[in-house]
Amino acid sequence: MLAAPLATYLLIAGAFNGRDRTGLAVDPICPNMAVCCCVNGKGLSLFDLRMPLPLDFIYDLHPNIIRDVTFLNNSWPWVNGQNALLSVSTDGICKVTTLQGRNLHTIEANHGCCTVAPTPELYGSAVEDGFSSVVMLGGDMVSAYIPDAGIQETLTDHGDTFIWKLRYTSSGSTLYTACDKGVVRRYRRYPDRHQYLGEVYAHKNDIEDMDISPYDEYLVTASKDRSVGLLKLGPPNHGWTEYSELT
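Residue positions within a chain follow its written sequence, with the count starting from 1. The model is predicted, so local features are restricted to residues of pLDDT at least 70 and side-chain atom pairs to those at 80 or more, both for listing and for counting; the totals for chains, interfaces and linings are taken over all residues. Side-chain numbers come from the whole structure's heavy atoms, not from hydrogens or water.

Focus on the environment of Tyr190
When you line up the elements, Tyr190 lands in strand S15 (residues 183-190). When the C-alpha atoms of Tyr190 and Ser173 are compared, they prove to be 7.7 Å apart, with 17 residues separating the residues in sequence. Should any heavy atoms of two residues lie within 4.5 Å, those residues are considered in contact. The residues touching Tyr190, leaving out its near neighbours within four places in the chain, are Phe131 and Gln195. Secondary structure elements are taken from DSSP: a helix is a run of H or I of four residues or more, a strand is a run of E of two residues or more, and numbering for both begins at the N terminus.

Comments concerning the state of the cysteines
Covalent bonding between the sulfur atoms of two cysteines defines a disulfide. In this description, the term disulfide denotes a pair of cysteine sulfurs within 2.5 Å. This structure, assessed with the given rule, holds zero disulfides. Cys38 takes part in no disulfide bond, and the closest cysteine sulfur to it belongs to Cys37, at a distance of 7.3 Å. Cys113 forms no disulfide, and the closest cysteine sulfur to it belongs to Cys94, at a distance of 7.7 Å. Each residue gets one of three labels from its accessible area relative to the maximum for its type: buried under 20%, exposed over 50%, partly exposed in between, using a 1.4 Å probe on protein chains only. Cys113 gets classed as buried once you look at its relative accessible area, which sits at 1%.

Here's the deal with unusual backbone geometry
Of note, Asn110 is a non-glycine position whose phi angle comes to about 65°, a positive value. Residue placement: Asn110 occurs in the loop between strand S8 (103-108) and strand S9 (113-118). In the Ramachandran plot, Asp148 falls in the positive-phi region, its phi being about 70° despite a non-glycine side chain. With respect to the element layout, Asp148 can be found in the loop between strand S11 (142-146) and strand S12 (150-155). Residue Asp148 is classed as exposed on the basis of its relative accessible area, which comes to 81%.

What to know about the sheet that holds strand S10 (residues 135-139)
Strands sit in the order S9-S10-S11-S12 across an open sheet of four strands; the sheet is antiparallel. The sheet terminates laterally at S9 and S12, the two strands that pair on one side only. On average, adjacent strands in this sheet sit at an angle of 25° to one another, irrespective of strand direction. In the sheet, S10 pairs with S11 via four bridges, with the strands oriented antiparallel. When the bridges of S11 are listed, Val135 appears paired with Tyr145. Each pair of strands is called paired provided DSSP finds at least two bridges between the two strands. A fitted line through C-alpha atoms serves as each axis, taken over the contacting stretch for helices, and the angle formed by two N-to-C directions is quoted from 0 to 180°.

Such coordinate-based values are descriptive only and should not be taken to indicate function.
Here you go:
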């Protein structure tokens, strides 16, 4: 989630001008770096928020409209220690690219997609516990892609409702999905599968965006019903909190 002044800056500076959902992300390691879909929706605009103009443009990266983009940790095998972006378009094509637009890897989900979420741990760091690092792709369904193995799992507990957003908690233990009809659902991640835990809450209309605070205190959603949902997940997994209860 980005503050209104930042969103306005990106819109003026060269962001996608369509009426539908579009990708927008900030680098968690270097928070002055941001990326969003460019004007025609098929490329990306890079920003250094300390500068008054866009840093760079990646034109026509996808043949169809890009629906989501995120920064990918440099521990993933295709990246070789460099900064990289992970973007997905409506046709189910997911691309790993450098910040200069060089394609490093392509994933084909074989279903329509609107969101992408890699597991947050350093790549391969949980192998001894039985966990593979995966890229989750959401849209018509949710699928789990493992490097060198392909699509290994599909989640269909949402039925025929479309998935608009996927978010892991910072430990990667819990996955949240935001769906058509405004429903947020939760999954527990196990070494060989994701187990559906049920609905968390629902808006009166579709959810446009969803995010989780860095230390897993809050889940935030924005809906077409013109409301913002704020769910307290628990105490922070690091540091102090401003949360308290008055009695």
